[in-house]
Amino acid sequence: MRFVCCERFATAGRGTALGMTTNSSSRPNTQTERFDRILQTYDASGPTMATVFLPAKSADAQAPERLEIHVKNALAALSDQGANEALIERVERALKQHEHSDAASLVVVATEQETLLDEEMDRPVTRMTTALQPVPMLLPLLAAAQVDEEHLAVLLDRTGADVFHRDGVGKPIDTAEVEGDDVRVHRGHPGGWSQRRFQQTAENAWENNAKDVVDAIVDEYGRDLHLVVAGDERAVGFFVEHLPTSMTRETVGGSRHADHAAFLDEVDNALRSRAANRVVVLLDRFRTANANGLGAVGHAVLDHLVAGRVEHLLVVNDALNEHPTT
């Protein structure tokens, strides 16, 4: 493994490392549970472990057959790597309980005695990957999960909003429908001396309802979450205007009266771009830190980690030619 650290940046060999800050939110979420399961899997290191990553796309009619082929190829690869029959049978049972439509990808970690990790992931992996070694190979899982960030996806119209609380791509932790108290949302018919008054009344109502949505979100979720927002342009404008400055936000396409799944796909794309931008920023910081003697590579990273001097940890799996994982 190759590690990198910044104040220290550190880096080291078949993977690369920068130190990582975590969200200190006290609310339970599935992201925390996922990382707990990963740590428990590492704690079980010692006996020979089989790790399998499988794509499980379901976009066409051949998806079931393709998943079946992936399973057979993974089992054959483990056999070629020296896995015994008991271990192969355990991995096979774990993989065959899933269908292609369960998730975008699957990961299984198992020993002869037990299945340690059996994850359906809402984010894809690019290809089948297998490993047989004393520790689980989970860098692809960590890389896929680095886009995960607790956030609110907010879909607005002039009367209120649908709010999706999520901790990454995939299914929401919970959803809420918020309706404003002001029902005077329709403009009058064009023309006439009262048109301007009707228009202003409607605009005031839209703003009141957007503010009601902001107040409801702050009351329920606090002021620190990232927001991805879409919907009626005027409603979005009023909503953003009343947000606390501590809440970061970005806008995407979507309508409250259209397909919510399409909106959440747009949110997922925004999260992936946001994660990629974070990596670019950290890489730039690492280059600067390294040039100034504040970075470290190789085994020196472990010393900095033990001493608590790592601010950011970047891990890159060189063997798989994958992007950095923060």
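If you're wondering where the values come from, they're calculated on a predicted model, not measured in any experiment. (Residues numbered from 1 in each chain as written. Predicted model: local features only at pLDDT ≥ 70, side-chain atom pairs only at ≥ 80, totals over all residues. Heavy atoms only, no water.)

Undergrad: Looking at this structure, I do not really get the overall build of the protein. What am I missing?
TA: Counting secondary structure elements, the protein contains eight helices and 13 strands. By residue count, 45% of the 326 residues in the protein fall in the buried class. The long-range fraction of contacts in the protein, counting pairs at least 24 apart against all pairs at least 6 apart in sequence, stands at 65%. Here the protein displays about 16800 Å² of accessible surface, and carbon together with sulfur accounts for 50% of that area. (Helix = DSSP H or I, 4+ residues; strand = E, 2+ residues; numbered from the N terminus. Buried < 20%, exposed > 50% of the residue type's maximum accessible area, 1.4 Å probe, protein only. Contact = heavy atoms within 4.5 Å. Areas by Shrake-Rupley, 256 points an atom, 1.4 Å probe, with all protein chains shown as cover.)

Undergrad: What's the story with the nonpolar core in this structure? I'm lost.
TA: Generally speaking, nonpolar side chains in soluble globular proteins are found buried as a group. With 23 residues, the main nonpolar core has Leu152, Val154, Leu156, Val163, Ile217, Leu227 and Phe239 as its most contacted residues. Every element with two or more residues in this core is listed here: strand S7 (151-156), strand S8 (160-166), helix H5 (195-221), strand S10 (226-231) and helix H6 (233-242). Ranked by the residues each element gives to this core, the list is headed by H5, at eight residues. If we skip the residues at most four places from it in the chain, Leu227 touches Leu152, Val154, Phe239, Leu243, Met247, Thr248, Arg249 and Glu250. Leu54, Ala56, Leu78 and Val91 belong to the second largest nonpolar core, which has 18 residues in total. (Core = buried A, V, L, I, M, F, W, Y, C linked by side-chain atoms within 4.5 Å.)

Undergrad: What should I look at first to understand the side chain of Arg90 in this one?
TA: Examined against the element boundaries, Arg90 turns out to sit in helix H3 (residues 85-96). No salt bridge is formed by the buried Arg90; its nearest oppositely charged neighbour, Glu114, is found at 7.4 Å. Once you skip the residues sitting within four places of it in the chain, Arg90 turns out to touch Ala110, Thr111, Glu112, Gln113, Glu114 and Thr115. (Lys, Arg positive; Asp, Glu negative; His and termini not counted. Salt bridge = Lys/Arg side-chain N within 4 Å of Asp/Glu carboxyl O.)

Undergrad: Help me understand helix H7 (residues 260-291) in this model?
TA: Counting along an α-helix, one turn takes 3.6 residues, and residues three or four places apart therefore face a common direction. For H7, built from 32 residues, the straight-helix expectation of 46 Å at 1.5 Å per residue is met to within 8% by its first-to-last C-alpha distance of 47 Å. What H7 keeps buried is the set Phe263, Leu264, Val267, Asp268, Ala270, Leu271, Ala275, Val279, Leu282, Phe286 and Ala289. Directly beyond the C-terminal end of H7, a positive phi value near 80° is found at Gly293. (Expected span 1.5 Å × (residues − 1).)

Undergrad: Help me out: how do you make sense of the sheet that holds strand S4 (residues 105-110) in this one?
TA: In any sheet, the strands associate via hydrogen bonds between backbone groups, in a parallel or an antiparallel arrangement. One open sheet accounts for four strands, arranged S5-S4-S3-S6; its pairing is antiparallel. Taken across any chain shown, the strands that pair with only one partner, and hence form the sheet edges, are strand S5 (115-121) and strand S6 (129-133). The sheet shows a mean angle of 5° between the axes of neighbouring strands, taken without regard to direction. Here S4 pairs with S5 via six bridges, running antiparallel. (Pairing = 2+ DSSP bridges. Axes fitted to C-alpha atoms, helices over the stretch in contact; angles between N-to-C directions.)

Undergrad: What's the story with the packing of aromatic side chains in this structure? I'm lost.
TA: Counted under the stated rule, the structure contains one aromatic pair. Taking the centre distance of 6.2 Å and the plane angle of 50° together, the rings of Phe164 and Phe263 count as tilted. Highlighted residues: Phe164 in strand S8 and Phe263 in helix H7, separated in sequence by 99 residues. Exposure remark for Phe164: the relative accessible area of 8% places this residue in the buried category. With relative accessibility at 2%, the residue Phe263 sits in the buried group. A cation over an aromatic ring shows up here: Arg158 above the ring of Trp206, its NZ or CZ 4.1 Å from the ring centre. (Phe/Tyr/Trp six-rings, centres within 6.5 Å; stacked < 30°, edge-to-face > 60°. Lys NZ or Arg CZ within 6 Å of the ring centre and 35° of its normal.)

Undergrad: Which parts of the structure should I look at to understand H6?
TA: All of the buried residues in H6 are Ala235, Val236, Phe238 and Phe239. For H6, the arc enclosing every buried residue in end-on projection is 165°, short of the 170-degree limit, so these residues lie on one face. Those residues of H6 that are exposed and aimed more than 90 degrees away from the buried face are Glu233 and Glu241. A distance of 3.1 Å separates the backbone nitrogen of Arg234 from a side-chain oxygen at the start of H6, and that oxygen is part of Asp232. (Arc of directions from axis to C-beta. Polar contact = N/O pair within 3.5 Å; in protein donor to acceptor, adjacent residues only side chain to side chain.)

Undergrad: Even after reading the chapter, I still don't get the sheet that holds S7, so can you show me in this structure?
TA: Judged by pairing direction, the sheet is mixed, and its five strands sit side by side in the order S9-S8-S7-S10-S11 without closing on themselves. Of all the strands in the sheet, just strand S9 (174-179) and strand S11 (249-251) have a single pairing partner and so form its edges. In this sheet, adjacent strand axes meet at a mean angle of 20° when their direction is disregarded. Alignment of S10 against S11, held across three bridges, turns out to be parallel. In the strand pairing of S11, Leu227 is matched with Arg249. Seen against the sheet, H6 touches S7, S10 and S11 and runs at an angle of roughly 155° to S10.

Undergrad: Before we go on, may I ask you to explain the environment of Leu87 in this structure?
TA: Mapped onto the elements, Leu87 comes out in helix H3. You can call Leu87 buried: its relative accessible area is 2%. Note: C-alpha distance between Leu87 and Gln113 (26 residues apart in sequence) is 7.9 Å. Setting aside residues no more than four positions away along its own chain, Leu87 makes contact with Thr48, Ala50, Ala110, Thr111, Glu112 and Leu132.

Undergrad: Can you walk me through the pairing of S7 in this structure?
TA: Where a strand is regular, its side chains alternate between the two sheet faces. Burial runs high along S7: six of the six residues are buried. Residues His151, Ala153 and Leu155 of S7 are buried on one face, and the alternating residues Leu152, Val154 and Leu156, pointing to the opposite face, are buried as well. Bridge count for S7 against S8 is six bridges, and the pairing is antiparallel. Looking across to S8, one finds that Leu152 is bridged to His165. If you look at the hairpin formed by S7 and S8, you'll find three residues sitting between the two strands.

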